[in-house]
Amino acid sequence: MSAVWEKIDDMDEVVVDKKAERKIELESQKLEKRLCRNVGQAIVDFNMIEAGDKVMVCVSGGKDSYAMLDILLKMQQRAPIHFDLIAVNLDQKQPGFPDHILPEYLKKLGVPYHIENQDTYSIVKRVIPEGKTMCSLCSRLRRGILYRVAEELGATKIALGHHRDDMLQTFFLNMFFGGRLKGMPPKLVSDSGKHIVIRPMAYVNEKDIVRWAAQQQFPIIPCTLCGSQQNLQRVQVGNMLREWQTKYPGRIENMFSALQNVVPSHLMDGSKFDFKGLKVTGVADPEGDKAFDADEFPAAAANFPASLQVVQL
Ligand code: SF4
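Keep in mind that this is a model prediction, so the values were computed, not measured.

### A word on the overall build of the protein
- Scanning the protein from terminus to terminus reveals ten helices and six strands.
- Considering only intrachain contacts with a sequence separation of at least 6, the fraction spanning at least 24 residues in the protein is 76%.

Structure follows, in structure tokens:
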């Protein structure tokens, strides 16, 4: 090949590279916009952050909490109100925990932060017999410590990095193994009664976080350092949801919407709806319940397995 052609070949590659770079940049901008929109919407819908709040952002070193801090910092710059953020990490002294990573990262970000050193690992190891799961005691200890730290720091809100998929998983875990229709709330009062806990990532889907974490190259700290086994039930439910989403796209979104559209009169909890005291109103209501007609689900019908089709009698 002549030198001229080689040169043209090289230029083609440069053009293709530039195009690919531009595409990645656009995707990244879109992703950032979506993350900010989702977080902003959750903050507004549940009145999570108010003027003058000091939000303690719990950062573990996992992708979710890095993403939460990152997005909250962006929101802080754009918000019409003033609020403060302080990142907090609890170093539980798990063997091999790289304790320099978070302070270095947070310093570089320029965000106020506090590292709380508490050796809960030794306590859990001492108390829980070998081979048993340590997570329940570990998280109880962590919760108590974080509440205390929030008080000491004067934080008015505690932000956790759980996202939409965590919330759905919790909902199914409670239903399958706990016999309750109960999810993971976007905002709650702590069991100590003293703190408001918020989940600003409530509307964010995990896939977006995975992509954002990769793009931003967060210095992820592995979460398996403690050697505890993963909660098998949670893994199973997570797999089930992923499988559903692959087979029936849109199902996750529908289920998540359902969490925000609860109809107590069409469930069976007498404490949420007064079935015993139900009386006729004598007034026709076009929006009322058509008890003899089955509900129709046009969008879902096409994706439903034949063996599970509803048969009208
Ligand atoms: S995985 Fe380890 S650090 Fe996490 S809650 Fe369980 S025991 Fe604690």
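### What about the nonpolar core?
- Ranked by internal contacts, the top residues of the largest apolar core, which has 43 residues, are M56, V57, C58, V59, M68, I158 and A159.
- The contacts of V57, once residues within four sequence positions are left out, are M68, L69, L72, L85, I86, A87, V88 and A159.

### Some remarks on the pairing of strand β1 (residues 54-58)
- A large share of β1 lies buried, amounting to four of its five residues.
- Bridge count between β1 and strand β2 (residues 84-91): five bridges; the pairing is parallel. In the sheet register, C58 faces β2, and the bridge partner there is V88.
- One crossover worth recording links β1 to the parallel β2 by way of helix α2 (residues 63-78), and it is right-handed.

### Regarding the environment of E253
- For E253, the location among the structural elements is in helix α9 (residues 251-259).
- Residue E253 is classed as exposed on the basis of its C-beta count, with 12 C-beta atoms lying within 10 Å.
- Taking the C-alpha atoms as reference, E253 lies 9.6 Å from N205; in sequence the two are 48 residues apart.

### Here we look at the sheet that holds strand β6 (residues 196-198)
- The mixed open sheet is built from six strands, whose spatial order is β3-β2-β1-β4-β6-β5. The outermost strands of the open sheet, each flanked by one partner alone, are β3 (113-117) and β5 (187-189). With direction set aside, neighbouring strand axes in the sheet form an average angle of 25°.
- Those strands touched by helix α5 (residues 135-153) are β1, β2, β3 and β4 (157-159), and its axis lies near 145° from that of β2.

### Some thoughts on unusual backbone geometry
- Residues other than glycine seldom take positive phi values, yet N47 does so here, at roughly 45°.
- Turning to its location among the elements, N47 is positioned in the loop between α1 (3-45) and β1.

### Describing the pairing of β3
- In this sheet, β3 lies alongside β2 in parallel orientation, the contact comprising five bridges. Looking across to β3, one finds that L90 is bridged to E116.
- The handedness of the β2 to β3 crossover, carried by helix α3 (residues 101-109), is right-handed.

### Quick notes on the packing of α2 against helix α7 (residues 206-216)
- Closest axis-to-axis distance for the α2/α7 pair is 9 Å, and the angle between their directions is 75°. By the angle between their directions, the pair α2 and α7 is classed as roughly perpendicular. For the pair formed by α2 and α7, the contact residues are K63, D64, Y66, A67 and D70 on the first element and I209, V210, W212, A213 and Q216 on the second.
- Here the residues of the contact of α2 with α7 sort into six nonpolar, one polar and three charged.

### Side note on the confidence of the model for the protein
- Per-residue confidence for the protein gives a mean pLDDT of 89; residues scoring 70 or more make up 89%.
- In this model, residues 301-313 is a region of pLDDT below 50 whose contacts with residues beyond four sequence positions or in other chains number four contacts.

### Some details on the packing of helix α6 (residues 164-178) against α9
- In the contact formed by α6 and α9, the axes pass within 11 Å of each other and the chain directions differ by 70°. In terms of orientation, α6 lies roughly perpendicular with respect to α9. Contact residues: R164, L168 and F171 in α6; I252, M255, F256 and L259 in α9.
- For the contact of α6 with α9, the residue count by class is six nonpolar, no polar and one charged.

About the thresholds
Residues numbered from 1 in each chain as written. Predicted model: local features only at pLDDT ≥ 70, side-chain atom pairs only at ≥ 80, totals over all residues. Helix = DSSP H or I, 4+ residues; strand = E, 2+ residues; numbered from the N terminus. Contact = placed C-beta atoms within 7 Å. Core = buried A, V, L, I, M, F, W, Y, C linked by C-beta atoms within 7 Å. Buried ≥ 20, exposed ≤ 12 C-beta atoms within 10 Å, placed from the backbone. Pairing = 2+ DSSP bridges. Right-handed = clockwise from strand over helix to strand, strands pointing away. Axes fitted to C-alpha atoms, helices over the stretch in contact; angles between N-to-C directions. Parallel < 35°, antiparallel > 145°, perpendicular 65-115°, else oblique. Nonpolar A, V, L, I, M, F, W, Y, C, P; charged D, E, K, R; others polar. pLDDT = per-residue confidence, 0-100.

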